[in-house]
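Inside the fold
Listed below, chain by chain, are the residues.
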Amino acid sequence: MKTLIHIIPTLQNGGAETVLSRLVEEFYMSGVKQYVITLQGAPSDFHYSEISKHAKVLDWKTDLNTVDQTILKNSDAPVLAWMYSAILFSHKLKRRLKSQNPITWNIRHSSFRWNQLYQKVALFGFAVWSHIKDPKIIYCSYRSKEVHEKYFFSKKNRTVIQNRLAKRIKPLSSEFLSTEKPFLLYVGRYDPVKGPDRLIKIAQIFLKNNKTYSLTIAGSGWKDEIIPQDLKSKVLLAGNVSNISELYQQAVVLLFTSYTEGYPNVLVEASVSGTPIIGFQAGDSKL
């Protein structure tokens, strides 16, 4: 049986974690034994219960000895490091344990905003490191590859694997047929790079002139105080939704407001659900 080790910061409800959840299941069905090592995860993380059905989940902070023993017992198993902090951790772990695990960098970012100076400086550091370590690199989007190579990342052993459908979209059953007012939909955590300012501005203009409509926001981090007073009665904060299918299939439109992305999962989900999309260009969204 083949073995694969994933290393990722958490199993919260983010784009990378959603893709990992589906990937772990598919590798499991193919007979691949997997370990998922989190850097600051917890059993309460959104994807923990689903991923733990198909892979052994270990948290480095609470079970360091088991993590070490797992690496040592599988010292030649490939490691897929998800995102920058996991990439850094993976190499430190390999050096400390003197293991032979080949490490693949799984890069999920496409770019940084103008004010993220620390991240941009760090990107140059990773670029230098990529020439020293010469790792295999997986980019989640063509835009991500283009941006990182502008920062002088190694052009050897790299490929682009775009996200495909990460969540299973279930047909809308009769009991979920909407009898409420038509609503616009936004899916994503609260994060400045996701364009919450754009979303609020669009909602204020559109809902003011279209009083029969409302806005549903699905995702973590959104709080009532973020929503302007004039929108509070027209906005539903749904939080993390376990089955997003119903919302996609009932929504009038999905609003995509991100400033930066890799390959956005929500666009694939909306397309498969037949949901019209109105949005800005970010990452590979135009594809």
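Heads up: the structure comes first, above all this text.
Small disclaimer: the values here were computed from a predicted structure and weren't measured.

Rules used throughout
- Residues numbered from 1 in each chain as written.
- Predicted model: local features only at pLDDT ≥ 70, side-chain atom pairs only at ≥ 80, totals over all residues.
- Heavy atoms only, no water.
- Axes fitted to C-alpha atoms, helices over the stretch in contact; angles between N-to-C directions.
- Helix = DSSP H or I, 4+ residues; strand = E, 2+ residues; numbered from the N terminus.
- Parallel < 35°, antiparallel > 145°, perpendicular 65-115°, else oblique.
- Contact = heavy atoms within 4.5 Å.
- Nonpolar A, V, L, I, M, F, W, Y, C, P; charged D, E, K, R; others polar.
- Left-handed = near helix turned anticlockwise from the far one by under 90°.
- 1 Å grid on protein atoms, 1.4 Å probe; cavity = no way out; pocket = protein on both sides within 12 Å on 5 of 7 lines; lining within 4 Å.
- Points joined across faces, edges and corners; volume = space filled by probe spheres on them.
- Phe/Tyr/Trp six-rings, centres within 6.5 Å; stacked < 30°, edge-to-face > 60°.
- Buried < 20%, exposed > 50% of the residue type's maximum accessible area, 1.4 Å probe, protein only.

1. Structural notes on the packing of helix α3 (residues 64-73) against helix α4 (residues 84-97)
Between α3 and α4, the shortest axis-to-axis distance is 11 Å and the interhelical angle comes to 75°. Taken together, α3 and α4 sit at an angle that is classed as roughly perpendicular. For the pair α3 and α4, contact is made by L64, V67, D68, I71 and L72 and by L93, R96 and L97, respectively. When its residues are assigned to classes, the contact of α3 with α4 shows six nonpolar, no polar and two charged.

2. Here we look at the packing of α4 against helix α5 (residues 117-133)
Packing of α4 against α5 leaves a shortest axis separation of 12 Å and a crossing angle of 40°. Taken together, the axes of α4 and α5 lie oblique to each other. Of the two possible hands of crossing, α4 and α5 adopt the one that is left-handed. Touching Y84, I87, L88 and H91 of α4 are L123, F126, W129 and K133, all from α5. Of the residues assigned to the contact of α4 with α5, the class counts are six nonpolar, one polar and one charged.

3. Comments concerning empty space enclosed by the protein
Tallying each qualifying case throughout the model produces one cavity of 30 Å³ or more. Looking at the largest cavity, its volume works out to about 50 Å³. Lining the largest cavity are I7, I71, V79, S90, L93, K94, S99, N101 and I103. Here the element with the most residues in the lining of the largest cavity is α4; it accounts for three residues.

4. A few points about the packing of aromatic side chains
Think of a pair of aromatic rings as described by two things: how far the centres are apart, and how the planes are tilted against each other in angle. For the coordinates displayed, the defined rule picks out 11 aromatic pairs. When the ring of W105 is compared with that of F126, the centres are 6.1 Å apart and the planes differ by 90°; the resulting orientation is edge-to-face. Remark: F126 occurs in helix α5 and W105 occurs in strand β5 (residues 103-107); sequence separation between them is 21 residues. Their ring planes at 55° and their centres at 4.9 Å tell us that F124 and Y151 sit as a pair that is tilted. Taken as a pair, F124 in helix α5 and Y151 in the loop between α6 (142-150) and β7 (158-160) lie far apart in primary sequence, 27 residues in all. Looking at F124, the relative accessible area reads 40%, which means it is partly exposed. The exposure class assigned to Y151 is buried, which follows from its relative accessible area of 18%. Counting every residue linked through ring pairs, the aromatic cluster contains Y84, W105, F126, W129 and F153.

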